[in-house]
Amino acid sequence: MKPDGNNIKIAVQKKGRLSEFSLEILKSSGVDFEIHQGRLFARCRKFPLDIIFLRDDDIPEYVQDGNSDLGIVGSNVVSETGARVVTLDALGFGRCELSIAVPGKSGLKKVEELEGKRIATSYPNILSGFLDEKGIRDVNIVEIHGSVEITPSMDVADAICDLVSTGSTMRLHELVPIETVLESEAILIANPDTLSEGWKLELVERLRFRIQSYLRARKTKYVMMNAPEESLEKIRQTLPGMKSPTVLPLAREGLIAIHTAVPEDQFWNVAEQLKEFGATDILVVPIEKLVL
Ligand code: PRT
Ligand code: ZN
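Everything numeric here is computed off the predicted structure, so don't read it as measured data. (Residues numbered from 1 in each chain as written. Chains lettered and ligands numbered in written order. Predicted model: local features only at pLDDT ≥ 70, side-chain atom pairs only at ≥ 80, totals over all residues. Heavy atoms only, no water.)

### Remarks on the coordination of the zinc ion (ligand 2)
The condition that has to hold: With water excluded from the atoms, a metal site may look incomplete; its donors are any N, O or S atoms within 2.8 Å, or within 3.2 Å for Na, K and Ca. Only four donors with every angle between 85 and 135 degrees are called tetrahedral; only four or six donors with opposite donors over 155 degrees apart and all others between 65 and 115 are called square planar or octahedral, in that order; all others are irregular.
Looking at the zinc ion (ligand 2), the protein donor atoms are D56 (OD) and D57 (OD), and they sit 2.0 to 2.1 Å from it. Around the zinc ion (ligand 2) sit four donor atoms; with metal-centred angles ranging over 74 to 172°, the donor geometry is irregular.

Have a look at this one:
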């Protein structure tokens, strides 16, 4: 049983790339809260949850030490800190790669050629582990926080190891990625003790169920269309991952309406085929939650 006045706690990034979507996930999970400027803490209504706002670098250790039960943070930060936490779910946002890049004009092509050189990074632990594994031992890792991409042009480093998402920062600084060290995305992490405490585990599982329903819904669209009755079988085979579409008769004989859910990333391929099979008036609407 949940002790009176005790909520589970979740740590999210206070201000940065992960903040907006972390809060969106929680709001969409029916967790109602208000954020007051400057406050580091929000108590939720409708669900026994407290939100703690932190710098992303502090989240893994905060969760490891039990100051928070859960956290939403990039897997890159968890790897760098080496915090002892349990990864519960990948959340599908904040995707990026930690890459080693060199100045285009350096002529360097392979990471092995960085032996004896300087690499600037904010991720010294991940980088040294990676270089060790590759057997590249004679590298000077220059630890720097912020603006890593300018270090080669200032002759502070010969290469960098930094996060890349669109690649435009690297291009702008005439840097060329030569090796991917790590792929990262935002993850939900937990303190191991939280998961062995009955009332907390129950709340964590309820929250995860809601988060999953929201994430699934974001990736899926509800599609409605009219189609000739004789195309039903072909259309049924075209629609991916569909268990059983809703099929309704229409006033005009020989025509039916079909309703189903389609993964968003497959929608355009599916739509083109549906049109070939005579489907018309294809209506696509977002789904708010998808509870399985
Ligand atoms: O203040 P606080 O410490 O909380 O925030 P921060 O400044 O350390 O982190 P923030 O908000 O920049 O990033 C938070 C998390 O977002 C990271 O730990 C990653 O998990 C994730 N993420 C995803 C990224 C990127 N993509 C990203 N592109 N974090 C940083 N970048 C930077 C990168 O360092 C480089 O400067 O964006 C630039 C490259 O972007 P592109 O699009 O030009 O390739
Ligand atoms: Zn940070």
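### Some points on the site of ligand 1
Selection criterion: One heavy atom suffices: a residue is near a molecule or strand as soon as one of its heavy atoms comes within 4 Å of it. N or O atoms within 3.5 Å of each other form a polar contact, as long as, within protein, one can give a hydrogen and the other can take it, and as long as residues adjacent in sequence are counted only when both atoms are side-chain atoms. What sets the accessible areas is the Shrake-Rupley method with a 1.4 Å probe; for residues, cover comes only from the shown protein chains. Here the term cavity refers to a set of points on a 1 Å grid, laid over the protein atoms alone, in which a 1.4 Å probe fits but cannot get out; the term pocket refers to an open set having protein on both sides within 12 Å along at least five of seven lines, with lining residues being those that place an atom within 4 Å of a point. To qualify as sitting in a cavity or pocket, a molecule needs more than half of its atoms within 2 Å of the grid points.
Lining the immediate surroundings of ligand 1 are 22 residues, of which R17, D57, N76, T166 and T169 lie closest. Interatomic distance of 3.3 Å between a side-chain N/O atom of D162 and an oxygen atom of ligand 1. T169 places a polar side-chain atom, nitrogen or oxygen, 2.5 Å from an oxygen atom of ligand 1. Protein contacts shield 78% of the accessible area of ligand 1, which totals 840 Å² for the unbound molecule. Of the pockets mapped on this structure, ligand 1 occupies the largest pocket.

### Examining the layout of surface pockets
Convention followed: Grid points are joined across faces, edges and corners, and a volume is the space filled by probe spheres set on the points. Think of it this way: any DSSP run of H or I at least four residues long counts as a helix, any run of E at least two long counts as a strand, and we number them from the N terminus. Any residue outside Ala, Val, Leu, Ile, Met, Phe, Trp, Tyr, Cys, Pro, Asp, Glu, Lys and Arg is labelled polar, Gly included; the first ten of those are nonpolar and the last four are charged.
If you add up the space inside the largest pocket, you get close to 1,100 Å³. Taken together, 40 residues line the largest pocket, and the ones lying closest to its centre are R17, D56, N76, Y123 and L163. Of all the secondary-structure elements, those providing two or more residues to the lining of the largest pocket are α3 (75-81), α4 (124-134), β9 (159-164) and α5 (168-172). When its residues are assigned to classes, the lining of the largest pocket shows twelve nonpolar, 16 polar and twelve charged.

### Overview of the sheet that holds strand β3 (residues 49-54)
Note the following rule: Only strands joined by at least two bridges in the DSSP assignment are considered to pair. In this description, a line fitted to the C-alpha atoms serves as the axis of each element, helices being fitted only across the stretch in contact, and the angle between N-to-C directions of two axes falls anywhere from 0 to 180 degrees. The contact criterion used throughout is that any non-hydrogen atoms of two residues lie within 4.5 Å.
Across the sheet, which stays open at both edges, the six strands sit in the order β2-β3-β1-β4-β11-β5 with mixed pairing between neighbours. The open sheet terminates on both sides in strands that have one partner only, identified here as β2 (41-43) and β5 (86-90). Geometrically, the sheet is characterised by an average inter-axis angle of 25° between neighbouring strands, direction not taken into account. Pairing of β5 with strand β11 (residues 186-190) involves four bridges; the strand directions are antiparallel. The residue of β11 that forms the bridge with T87 is I189. Helix α1 (residues 19-28) contacts β1 (8-13), β3 and β4 (70-74) of the sheet and is inclined by roughly 150° relative to β1.

The quantities given are spatial measurements derived from coordinates; they are silent on function.
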